[in-house]
Amino acid sequence: LKYVKDESDSPFVGIALKYKPSYILTYNKKHYKTEELKILNIFVITPKEALDLIGIENFELQTKEKRKRNLFSYLTKFKIFMKNKEVKSRESVH
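Because the structure is a prediction, the values reported are computed rather than measured.

What counts as what
- Residues numbered from 1 in each chain as written.
- Predicted model: local features only at pLDDT ≥ 70, side-chain atom pairs only at ≥ 80, totals over all residues.
- Heavy atoms only, no water.
- Helix = DSSP H or I, 4+ residues; strand = E, 2+ residues; numbered from the N terminus.
- Contact = heavy atoms within 4.5 Å.
- Core = buried A, V, L, I, M, F, W, Y, C linked by side-chain atoms within 4.5 Å.
- Buried < 20%, exposed > 50% of the residue type's maximum accessible area, 1.4 Å probe, protein only.
- Salt bridge = Lys/Arg side-chain N within 4 Å of Asp/Glu carboxyl O.

1. As for the side chain of D9
Okay, step 1: Within the fold, D9 resides in the segment before α1 (10–18).
Okay, step 2: Setting aside its immediate chain neighbours within four residues, D9 contacts V4, H31 and Y32.

The following block contains the structure:
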């Protein structure tokens, strides 16, 4: 428990110690004693921080924005389709 606060995380530190410099990817950074590990060239980071490190910044945000644009595009096409359908329906009545 020298480098972790949760014993179940010890195997990850063991592997990182063998293959340093290393990164431990986790959503639970609080389970690790990050300052002590940093001294040993072992860095505890979140998946988002890993994406930022390899140059995929704002990946999640970009994906959300793309989905939002696609949804807007589909809704616009649907509105146009419904308007055309309505116009054709009126034309067939006259």
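2. Concerning the nonpolar core
Okay, step 1: If you look at the biggest cluster of nonpolar residues, it comprises nine residues: Y3, V4, V13, A16, I24, Y32, L37, I42 and V44.
Okay, step 2: Ignoring any residue separated from it by four or fewer positions in sequence, one finds V13 in contact with Y3, V4, I24, Y32 and L37.

3. Thoughts on the environment of Y3
Okay, step 1: Mapped onto the secondary structure, Y3 falls in the segment before α1.
Okay, step 2: Between the C-alpha atom of Y3 and that of E35, which follows or precedes it by 32 residues, the distance is 9.1 Å.
Okay, step 3: With near-sequence residues (within four places) excluded, Y3 lies in contact with V13, L17, Y32, K33, E36, L37 and L40.

4. A few points about the pattern of salt bridges
Okay, step 1: In total, this model carries two salt bridges according to the counting rule given.
Okay, step 2: In this structure, K29 engages E49 in a salt bridge whose closest nitrogen and oxygen atoms are separated by 3.2 Å. Separated by 20 residues along the polypeptide, K29 in the loop between β1 (22–25) and α2 (34–39) and E49 in helix α3 (residues 47–53) bring together distant segments of the chain.
Okay, step 3: Among the residues examined, K29 registers a relative accessible area of 29% and is labelled partly exposed.
Okay, step 4: For E35, the salt bridge identified is with K38, shortest N-O distance 3.5 Å. Of the two residues, E35 and K38 are both situated in helix α2; the distance of three residues between them amounts to about one turn of the helix.

The values reported here are purely geometric and, on their own, carry no functional implication.
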